[in-house]
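Structural features, examined
Okay, here's what each chain looks like letter by letter:
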Amino acid sequence: ERERKPKSCPSLRSLCEKAARQLIDLSNVAECAAFTEVVHVPGLRSYTMEYLERNLDVVLASGAWSELGEATLTEVEGRVKAVMRKRREQAEREAEREAEREAER
């Protein structure tokens, strides 16, 4: 007979992180980002930063960015630069492929 491993109970910290992620929206993302600057909660920090990145246009337009701390602004800037660099590289590769196709014609 196969021995079953007992399921481990999720930690209170992981349950709180999960609940907090579900509550983040545009009205409180800046506050959540500020919280994660001072309280070490890596999963919540990561989720908050991803949320900010996905909704950056709305955050910038709403003025909520002014509530972001220096560390968060620096991290958002780094993430935006990485996304822009990746898009630029993709566009360059596509242009090179197009030029190769044109040269073959």
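This is a predicted model, so every value here is computed, not measured. The residue numbers shown here count from 1 along each chain, following its written sequence. Since the coordinates come from a predicted model, pLDDT governs what is reported: local features require at least 70, and pairs of side-chain atoms require 80 or more to be given and counted, while whole-chain, interface and lining totals use all residues. Heavy atoms from the whole structure form the basis of all side-chain values; hydrogens and water molecules are not counted.

**What about the overall build of the chain?**
Let me state the cut-off plainly: Working definition: helices are DSSP H or I runs of at least four residues, strands are E runs of at least two. Numbering for both runs from the N terminus. For a compact globule the rule gives 2.2 Å times the number of residues to the power 0.38, and the radius of gyration it is set against comes from C-alpha atoms. Each residue gets one of three labels from its accessible area relative to the maximum for its type: buried under 20%, exposed over 50%, partly exposed in between, using a 1.4 Å probe on protein chains only. Here, Shrake-Rupley sampling with a 1.4 Å probe gives the accessible areas, and only protein chains in the shown set may cover a residue. By the counting scheme adopted, Arg and Lys are positive, Glu and Asp are negative, and His together with the chain ends is not counted. Lysine's charge is taken at NZ, arginine's at CZ, aspartate's at CG and glutamate's at CD.
If you tally the helices and strands in the chain, you get five helices and zero strands. On C-alpha atoms alone, the chain measures out to a radius of gyration of 21 Å, which is more than a quarter above the 13 Å that the 2.2 N^0.38 rule sets for 105 residues. Considered along the principal axes of its C-alpha atoms, the chain spans approximately 65 × 55 × 20 Å. For the chain, the proportion of its 105 residues judged to be buried stands at 22%. Summed over its atoms, the accessible surface of the chain is roughly 8,400 Å², and 54% of this surface lies on carbon and sulfur atoms. The chain carries 19 positive and 21 negative side-chain charges, and their two centres are separated by 7 Å.

**As for helix α2 (residues 29–38)**
The test is simple: In this context, the arc is that of the directions from the helix axis out to the C-beta atoms. Note on contacts: a residue pair qualifies if any of its non-hydrogen atoms lie within 4.5 Å across the two residues.
Residues of α2 that are buried: Val29, Ala30, Cys32, Ala33 and Thr36. For α2, the angular spread of the buried residues around the axis is 160 degrees, confining them to a single face. Every exposed residue of α2 that faces more than 90 degrees away from the buried side is listed here: Glu31 and Val38. Looking at the packing, one finds that the buried side of α2 touches α3 (42–54), α4 (56–62) and α5 (70–104).

**Regarding the nonpolar core**
As a reminder of what qualifies: By nonpolar core we mean a set of buried residues, namely Ala, Val, Leu, Ile, Met, Phe, Trp, Tyr and Cys, connected to one another through side-chain atoms within 4.5 Å.
Ranked by internal contacts, the top residues of the largest apolar core, which has 15 residues, are Ile24, Val29, Leu52, Val59, Leu68 and Val76. Those elements that place two or more of their residues in this core are α2, α3 and α4. When near neighbours in sequence (up to four residues on either side) are disregarded, leucine 68 contacts Ala30, Ala33, Leu52 and Leu73.

**Regarding a negative patch on the surface**
Put simply, the rule is: The residues that make up patches have over 30% relative accessible area and no salt bridge, and they are joined within 9 Å when like-charged or within 5 Å when they are Val, Leu, Ile, Met, Phe, Trp or Tyr. Salt bridge, as applied in this entry: a Lys or Arg side-chain nitrogen positioned within 4 Å of an Asp or Glu carboxyl oxygen.
On the surface, a cluster of negative charge is contributed by Glu89, Glu92, Glu96, Glu100 and Glu104. If you trace the backbone, glutamate 100 turns up in helix α5.

**Some words on the state of the cysteines**
As a reminder of what qualifies: A pair of sulfur atoms, both from cysteines and within 2.5 Å, is called a disulfide here.
One pass over the structure, following the stated rule, counts zero disulfides. Note on cysteine 9: no disulfide assigned, nearest cysteine sulfur contributed by cysteine 16 at a separation of 12 Å. As a non-bridged cysteine, cysteine 32 has cysteine 16 as the owner of its nearest cysteine sulfur, 13 Å distant. By relative accessible area, cysteine 32 is classed as buried at 18%.

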